[in-house]
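An overview of the molecular structure
For reference, the chains in residue letters:
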Amino acid sequence: MSSNQSLSERDLSVLWHPCTQMKDHETSPIIPIKKGQGVWLEDFDGNRYLDAISSWWVNLFGHANPSINAALKDQLDTLEQVIFAGFTHESAISLAEKLVEITPSGLTRCFYADNGSAAVEVALKMSFHYWRNLGQTQKTKFITLENSYHGETLGALAVGNVALYKETYAPLLMDVITVPGPDCYHREPGESWADYSTRRFALMEQALQQHGDSVCAVIIEPLVQCAGNMRMYDPVYLKLLRDACDKYNVHLIADEIAVGFGRTGTLFACEQAAISPDFICLSKGLTGGYLPLSAVLTTDRMYQAFYDDYQNMTAFLHSHSYTGNALACRAGLATLEIFQQHHIIEKNRALAATMAKAAARFHDHPNVAEVRQTGMILAIELVKNKQTREAYPWQERRGLKVYQYALSKGVLLRPLGNVIYFMPPYIVTEEELLLIADVAWQGIQRAIKD
Ligand code: PMP
């Protein structure tokens with residue numbers, strides 16, 4: 001019979017895991033998961049873990065969700081996958097119709113890919129190609145924000161700005177224009193998020209003014225820079241950015257791969273600024289955390305710039321074998337049905353308030369510089385010195401200690417450096433949120449010792 005140990009040994013002899021220094025597993029065991037149910041994961045030795053980070057921010061309605069399972073079983077018996085060039089299928093059509101309906105107005109075309117990074121690649125290429133089709137071949141650059149993350153394929157990595165992922169591969173990456181961001185952790189004492197975000201926008205305006213002619217698009221993560229330590233900013237920044245992109249004739253790409261599908265309190269983060277981007281990138285929660293799928297939605301104006309006689313060679317060229325996979329699309333449809341039938345966005349308002357309550361005690365913790373929250377994302381910034389906000393040296397890996405402690409108590413937290421965050425599935429209960437907060441507190445107590 002399989003056990004944690006036997007599976008770990010087999011795993012470590014053939015596998016190579018993402019975002020992992022494999023040598024760490026000499027001291028920190030890898031955990032083979034046997035099954036998932038709701039917010040709980042269970043390993044082969046019978047230990048249970050509360051999935052407080054939604055398995056890398058993908059899971060929305062729990063593992064083994066009965067209605068998504070049922071939809072998938074039905075799809076499995078009908079059609080699993082079909083080439084998406086020259087052919088189509090009902091689940092892909094229905095999902096695209098739904099996405100057009102629920103995303104910000106004006107986004108009327110849906111292009112599928114199969115993961116978040118690929119969606120970013122699609123949006124970048126489409127934007128560039130749009131300008132080229134219009135004869136504006138001088139537009140070849142992209143503007144991005146400091147501390148942003150958009151994925152790890154080479155194009156997506158180039159428009160990201162987190163050194164940990166980017167630095168090593170820098171010689172391989174295209175040049176981008178990086179603008180200091182609106183991250184409100186850096187606001188002055190007493191300054192509001194809105195004031196700081198507005199003030200910081202001046203730097204973006206400057207960049208657009210200076211480089212607009214050669215820029216295809218600005219790419220941003222609306223409201224929360226998730227992989228960049230869950231740093232947050234005010235919707236006013238998005239409003240100002242939308243206006244400026246129009247003024248300087250530059251596209252706006254909203255990467256809602258992590259923040260979409262209710263994470264920030266609205267179905268899409270852009271709604272909080274009442275803006276429509278030219279491209280929205282979606283993935284992760286799109287399938288409820290079941291299957292890899294991504295979608296880029298864009299405007300009719302964009303679509304029309306590619307629509308021409310074949311001989312004119314203006315067609316968009318980007319293809320993945322699994323584009324619009326039928327099982328993944330069906331999981332997406334089942335996920336959107338749950339949103340609708342169970343009034344999830346309204347319910348999440350109460351849940352977000354419960355999260356805030358559960359984490360209230362962290363505000364006064366002597367090693368917490370900030371507790372910040374946007375909707376269903378809550379982050380705790382652990383520091384060496386609360387007054388000066390001096391960070392712990394990254395080499396000390398304090399966050400890792402919180403991770404290890406939490407696992408030993410049955411909670412899966414996966415801090416980003418020294419930032420501990422909660423991003424649970426939307427079916428989490430108040431009792432479970434209190435457990436997460438309690439374990440995080442005890443984990444921090446251990447992590448700050450010596
Ligand atoms: N953009 C954002 C904002 C993300 O958070 C992520 C994934 N963490 C990606 C893009 C990349 O998605 P994927 O991991 O599916 O390639």
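Now for a description of the structure that goes with this document. (Residues numbered from 1 in each chain as written. Predicted model: local features only at pLDDT ≥ 70, side-chain atom pairs only at ≥ 80, totals over all residues. Heavy atoms only, no water.)

**As for the sheet that holds strand E16 (residues 419-422)**
Applicable threshold: Whether two strands pair comes down to DSSP finding at least two bridges between them. A run of DSSP states H or I qualifies as a helix once it reaches four residues; a run of E qualifies as a strand once it reaches two. Both are numbered from the N-terminal end. Fitted lines through C-alpha atoms serve as axes, helices being fitted only where they are in contact, and the angles separating the N-to-C directions of these axes extend from 0 to 180 degrees.
Read from one edge of the open sheet, 3 strands run E13-E14-E16, paired in antiparallel fashion. Looking along the sheet, the strands with just one partner apiece sit at the ends: strand E13 (368-374) and E16. Ignoring which end each strand starts from, the neighbouring axes of this sheet average 15 degrees apart. As paired elements, strand E14 (residues 377-382) and E16 share 4 bridges and run antiparallel to each other. Within E16, the position partnered with Leu-378 by the bridge is Phe-422.

**Some words on the packing of helix H4 (residues 90-102) against helix H11 (residues 326-341)**
This is how the line gets drawn: Roughly parallel covers angles under 35 degrees, roughly antiparallel covers those over 145, roughly perpendicular covers 65 to 115, and oblique covers all other angles. Take the far helix as your reference; a near helix turned counterclockwise from it by less than a right angle gives a left-handed crossing, and one turned clockwise gives a right-handed crossing. In this analysis, two residues are considered to be in contact whenever any of their non-hydrogen atoms come within 4.5 Å of each other.
Close contact between H4 and H11 brings their axes to 8 Å; oriented N to C, the two are set at 40 degrees. On the basis of the axis angle, H4 is oblique to H11. Like other packed secondary-structure pairs, H4 and H11 cross with a definite hand, here left-handed. Contacts from Ser-91, Ala-92, Ser-94, Leu-95, Lys-98, Leu-99, Glu-101 and Ile-102 in H4 reach Ala-326, Cys-329, Arg-330, Gly-332, Leu-333, Leu-336 and Gln-340 in H11.

**Structural notes on unusual backbone geometry**
Although it is not a glycine, Leu-223 adopts a positive phi angle of roughly 75 degrees. Secondary-structure assignment places Leu-223 in the loop between strand E7 (215-220) and strand E8 (224-225). For Phe-261, which is not glycine, the phi torsion reads 60 degrees and is therefore positive. Relative to the assigned elements, Phe-261 resides in the loop between strand E10 (251-255) and strand E11 (279-282).

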